[in-house]
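The primary structure of each chain is shown beneath.
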Amino acid sequence: MVNPETGSRDRHMATRAIGRAIGKAPQADWKAAFRRSLRRASQMAGAAVLIAGMVFLGLALASYTQTDPSPSTAAAGTDIGNWMGASGAWAAERVLFLFGLPGVLLLPLLYIGARKLWREVEEEDQDDSTRWWRPLALLLVAMALLATVLSLAFDKPGGTLPASLGGVSGLLG
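Worth saying up front: this structure is predicted, and the values here are computed from it rather than measured.

*Asks:* Please provide a residue-by-residue account of the nonpolar core, values included.
*Replies:* Leu57, Leu61, Ala92, Val95, Leu106 and Met143 are the most contacted members of the largest nonpolar core, which totals 13 residues. Of all the secondary-structure elements, those providing two or more residues to this core are helix H2 (30-62), helix H3 (85-99), helix H4 (106-122) and helix H5 (133-153). Not counting the four nearest positions on each side in its chain, Val95 is found in contact with Leu57, Leu61, Gly100, Gly103 and Leu106.

Here is the structure:
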(Lines give C-alpha, C1' and ligand atoms only; values in the text may rest on other atoms or scores of the structure.)
Protein backbone atom coordinates (compact mmCIF):
# COMPACT_ATOMS: atom_id res chain seq x y z
CA MET A 1 0.00 0.00 0.00
CA VAL A 2 1.37 3.42 -0.97
CA ASN A 3 1.17 6.23 1.53
CA PRO A 4 -0.16 9.32 -0.36
CA GLU A 5 1.69 11.77 1.92
CA THR A 6 5.18 10.33 1.57
CA GLY A 7 4.84 8.33 -1.64
CA SER A 8 6.54 5.35 0.00
CA ARG A 9 5.18 1.91 0.64
CA ASP A 10 3.93 1.21 4.17
CA ARG A 11 3.62 -2.52 4.73
CA HIS A 12 2.79 -2.29 8.45
CA MET A 13 -0.21 -0.04 8.18
CA ALA A 14 -2.74 -2.81 7.57
CA THR A 15 -1.32 -5.04 10.26
CA ARG A 16 -1.45 -2.27 12.87
CA ALA A 17 -5.08 -1.48 12.07
CA ILE A 18 -6.02 -5.14 12.34
CA GLY A 19 -4.05 -5.45 15.55
CA ARG A 20 -5.87 -2.50 17.10
CA ALA A 21 -9.25 -3.86 16.01
CA ILE A 22 -8.46 -7.23 17.58
CA GLY A 23 -7.36 -5.54 20.79
CA LYS A 24 -10.72 -3.81 21.09
CA ALA A 25 -12.74 -7.00 20.50
CA PRO A 26 -14.52 -8.34 23.60
CA GLN A 27 -12.60 -11.00 25.46
CA ALA A 28 -14.14 -14.42 25.92
CA ASP A 29 -15.39 -14.84 29.48
CA TRP A 30 -13.70 -18.09 30.48
CA LYS A 31 -15.33 -18.06 33.92
CA ALA A 32 -18.84 -18.05 32.44
CA ALA A 33 -17.86 -20.77 29.98
CA PHE A 34 -16.41 -22.86 32.82
CA ARG A 35 -19.57 -22.40 34.93
CA ARG A 36 -21.74 -23.36 31.96
CA SER A 37 -19.70 -26.47 31.21
CA LEU A 38 -19.67 -27.43 34.91
CA ARG A 39 -23.45 -27.02 35.05
CA ARG A 40 -23.87 -29.14 31.93
CA ALA A 41 -21.58 -31.84 33.29
CA SER A 42 -23.45 -31.95 36.59
CA GLN A 43 -26.81 -32.15 34.77
CA MET A 44 -25.55 -35.05 32.68
CA ALA A 45 -24.16 -36.80 35.76
CA GLY A 46 -27.45 -36.24 37.59
CA ALA A 47 -29.38 -37.73 34.68
CA ALA A 48 -27.08 -40.76 34.68
CA VAL A 49 -27.55 -41.22 38.45
CA LEU A 50 -31.34 -41.04 38.08
CA ILE A 51 -31.34 -43.60 35.25
CA ALA A 52 -29.08 -45.90 37.30
CA GLY A 53 -31.40 -45.47 40.30
CA MET A 54 -34.40 -46.29 38.13
CA VAL A 55 -32.77 -49.48 36.84
CA PHE A 56 -31.65 -50.44 40.35
CA LEU A 57 -35.10 -49.88 41.86
CA GLY A 58 -36.84 -51.63 38.97
CA LEU A 59 -34.67 -54.73 39.35
CA ALA A 60 -35.03 -54.61 43.13
CA LEU A 61 -38.83 -54.42 42.91
CA ALA A 62 -38.99 -57.15 40.27
CA SER A 63 -37.00 -59.56 42.44
CA TYR A 64 -38.60 -58.70 45.79
CA THR A 65 -39.19 -61.64 48.08
CA GLN A 66 -40.73 -61.59 51.51
CA THR A 67 -37.88 -63.59 53.05
CA ASP A 68 -35.15 -61.06 52.23
CA PRO A 69 -33.63 -59.16 55.15
CA SER A 70 -35.36 -55.83 55.71
CA PRO A 71 -36.73 -53.67 58.53
CA SER A 72 -40.07 -55.53 58.34
CA THR A 73 -38.63 -59.03 58.67
CA ALA A 74 -36.38 -60.85 61.04
CA ALA A 75 -34.62 -62.71 58.24
CA ALA A 76 -30.91 -63.34 58.46
CA GLY A 77 -28.67 -61.54 56.01
CA THR A 78 -27.12 -64.71 54.63
CA ASP A 79 -29.73 -65.86 52.09
CA ILE A 80 -30.70 -62.88 49.92
CA GLY A 81 -32.94 -63.58 46.95
CA ASN A 82 -33.04 -60.04 45.59
CA TRP A 83 -31.06 -59.48 42.40
CA MET A 84 -29.63 -56.24 43.77
CA GLY A 85 -28.41 -57.72 47.05
CA ALA A 86 -29.16 -56.50 50.55
CA SER A 87 -29.51 -52.85 49.54
CA GLY A 88 -31.99 -53.80 46.82
CA ALA A 89 -33.99 -55.86 49.32
CA TRP A 90 -34.15 -52.89 51.70
CA ALA A 91 -35.06 -50.41 48.96
CA ALA A 92 -37.81 -52.63 47.50
CA GLU A 93 -39.24 -53.35 50.95
CA ARG A 94 -39.35 -49.65 51.90
CA VAL A 95 -41.08 -48.65 48.64
CA LEU A 96 -43.62 -51.46 48.95
CA PHE A 97 -44.09 -50.76 52.65
CA LEU A 98 -44.79 -47.06 52.08
CA PHE A 99 -46.82 -47.21 48.85
CA GLY A 100 -47.63 -50.83 48.05
CA LEU A 101 -48.17 -51.56 44.36
CA PRO A 102 -48.41 -47.85 43.37
CA GLY A 103 -44.74 -47.61 44.42
CA VAL A 104 -43.92 -48.85 40.92
CA LEU A 105 -44.87 -45.35 39.72
CA LEU A 106 -41.58 -44.10 41.15
CA LEU A 107 -39.84 -45.67 38.15
CA PRO A 108 -41.42 -43.36 35.53
CA LEU A 109 -40.81 -40.44 37.87
CA LEU A 110 -37.10 -41.20 37.93
CA TYR A 111 -37.07 -41.53 34.14
CA ILE A 112 -38.91 -38.24 33.64
CA GLY A 113 -36.52 -36.46 36.01
CA ALA A 114 -33.51 -37.86 34.16
CA ARG A 115 -34.97 -36.93 30.78
CA LYS A 116 -35.69 -33.38 32.00
CA LEU A 117 -32.09 -32.94 33.14
CA TRP A 118 -30.79 -34.30 29.84
CA ARG A 119 -33.05 -31.99 27.82
CA GLU A 120 -31.84 -28.99 29.78
CA VAL A 121 -28.35 -29.86 28.58
CA GLU A 122 -29.54 -30.01 24.98
CA GLU A 123 -31.71 -26.87 25.19
CA GLU A 124 -29.83 -24.71 27.66
CA ASP A 125 -31.16 -21.36 26.45
CA GLN A 126 -34.84 -22.07 27.03
CA ASP A 127 -36.34 -20.99 30.34
CA ASP A 128 -38.64 -23.47 32.07
CA SER A 129 -40.96 -21.95 34.64
CA THR A 130 -42.18 -25.29 36.09
CA ARG A 131 -40.81 -25.96 39.53
CA TRP A 132 -39.29 -29.42 39.96
CA TRP A 133 -41.17 -30.19 43.18
CA ARG A 134 -44.69 -29.69 41.77
CA PRO A 135 -44.77 -32.83 39.58
CA LEU A 136 -43.09 -34.77 42.38
CA ALA A 137 -45.67 -33.65 44.93
CA LEU A 138 -48.56 -34.39 42.55
CA LEU A 139 -47.26 -37.87 41.86
CA LEU A 140 -46.80 -38.63 45.56
CA VAL A 141 -50.35 -37.48 46.30
CA ALA A 142 -51.66 -39.57 43.38
CA MET A 143 -49.71 -42.58 44.66
CA ALA A 144 -51.18 -42.13 48.14
CA LEU A 145 -54.71 -41.90 46.67
CA LEU A 146 -54.18 -45.03 44.56
CA ALA A 147 -52.78 -46.82 47.61
CA THR A 148 -55.88 -45.80 49.59
CA VAL A 149 -58.17 -47.17 46.87
CA LEU A 150 -56.23 -50.43 46.79
CA SER A 151 -56.37 -50.72 50.59
CA LEU A 152 -60.11 -50.07 50.65
CA ALA A 153 -60.93 -52.33 47.71
CA PHE A 154 -58.85 -55.29 48.87
CA ASP A 155 -59.25 -55.54 52.63
CA LYS A 156 -57.68 -59.01 52.82
CA PRO A 157 -53.92 -59.29 53.44
CA GLY A 158 -51.82 -58.29 50.47
CA GLY A 159 -50.03 -61.59 50.04
CA THR A 160 -46.27 -61.14 50.21
CA LEU A 161 -46.31 -57.35 50.40
CA PRO A 162 -45.19 -55.82 53.72
CA ALA A 163 -48.30 -53.68 54.38
CA SER A 164 -51.11 -54.87 52.06
CA LEU A 165 -51.56 -53.78 48.45
CA GLY A 166 -51.68 -50.09 49.34
CA GLY A 167 -48.82 -49.94 51.81
CA VAL A 168 -48.87 -47.76 54.90
CA SER A 169 -50.02 -44.69 52.97
CA GLY A 170 -53.05 -46.67 51.78
CA LEU A 171 -53.83 -47.92 55.27
CA LEU A 172 -53.60 -44.39 56.66
CA GLY A 173 -55.78 -43.03 53.84
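*Asks:* Give me a nonpolar patch on the surface: which residues, what numbers.
*Replies:* Together, Ile51, Val55, Leu59, Trp83, Tyr111 and Ile112 line one region of the surface with nonpolar side chains, adding up to about 600 Å² of accessible area. For the nonpolar patch, the elements supplying multiple residues, two or more each, are H2 and H4. For the nonpolar patch, the element with the most residues is H2, which contributes three residues. Relative to the helices and strands, Trp83 is located in the loop between H2 and H3. Of the residues examined, Trp83 reaches a relative accessible area of 59% and is grouped as exposed.

*Asks:* Explain the pattern of salt bridges to me, and be specific about the residues and the numbers.
*Replies:* If you walk through the whole model with that rule in mind, you get one salt bridge. Among the salt bridges present, the one from Arg94 reaches Glu93, with a minimum N-O distance of 2.8 Å. Taking the relative accessible area as the measure of exposure, Arg94 reaches 31% and is therefore partly exposed.

*Asks:* Got a sec to walk through the confidence of the model for the protein chain? Specific residues and values, please.
*Replies:* On average, the protein chain scores 77 in pLDDT, and the residues at 70 or more come to 67%. By mean pLDDT, the top-scoring element of the protein chain is H2 (90), and the lowest-scoring one is helix H1 (residues 13-24) (52).

*Asks:* Explain H3 to me, and be specific about the residues and the numbers.
*Replies:* Between its terminal C-alpha atoms H3 stretches 21 Å, which fits the 21 Å expected from 15 residues at 1.5 Å a residue. Gly88, Ala89, Ala92, Glu93, Val95, Leu96 and Phe99 are the residues of H3 that are buried. One side of H3 holds all its buried residues, which, seen down the axis, span an arc of 165 degrees. Following H3 by one or two positions, Gly100 has its phi on the positive side, about 70 degrees.

*Asks:* Go over the packing of H2 against H3, please, and point to the residues and values.
*Replies:* The geometry of H2 relative to H3 is characterised by a closest axis approach of 8 Å and an angle of 80 degrees between their N-to-C directions. The angle between H2 and H3 falls in the class roughly perpendicular. Across from Phe56, Leu57, Ala60 and Leu61 in H2, the residues of H3 making contact are Ser87, Gly88, Ala91, Ala92, Val95 and Leu96. Partitioned by chemical class, the residues of the contact of H2 with H3 number eight nonpolar, two polar and no charged.

*Asks:* Can you break down the environment of Gly113 residue by residue, with the values?
*Replies:* Among the structural elements, Gly113 can be located in helix H4. We classify Gly113 as partly exposed; its relative accessible area is 24%. Between the C-alpha atoms of Gly113 and Leu50, which are 63 residues apart in sequence, the distance is 7.2 Å.

Criteria and thresholds
Residues numbered from 1 in each chain as written. Predicted model: local features only at pLDDT ≥ 70, side-chain atom pairs only at ≥ 80, totals over all residues. Heavy atoms only, no water. Core = buried A, V, L, I, M, F, W, Y, C linked by side-chain atoms within 4.5 Å. Buried < 20%, exposed > 50% of the residue type's maximum accessible area, 1.4 Å probe, protein only. Helix = DSSP H or I, 4+ residues; strand = E, 2+ residues; numbered from the N terminus. Contact = heavy atoms within 4.5 Å. Patch = residues over 30% accessible without salt bridge, like charges linked within 9 Å, V, L, I, M, F, W, Y side chains within 5 Å. Areas by Shrake-Rupley, 256 points an atom, 1.4 Å probe, with all protein chains shown as cover. Salt bridge = Lys/Arg side-chain N within 4 Å of Asp/Glu carboxyl O. pLDDT = per-residue confidence, 0-100. Expected span 1.5 Å × (residues − 1). Arc of directions from axis to C-beta. Axes fitted to C-alpha atoms, helices over the stretch in contact; angles between N-to-C directions. Parallel < 35°, antiparallel > 145°, perpendicular 65-115°, else oblique. Nonpolar A, V, L, I, M, F, W, Y, C, P; charged D, E, K, R; others polar.

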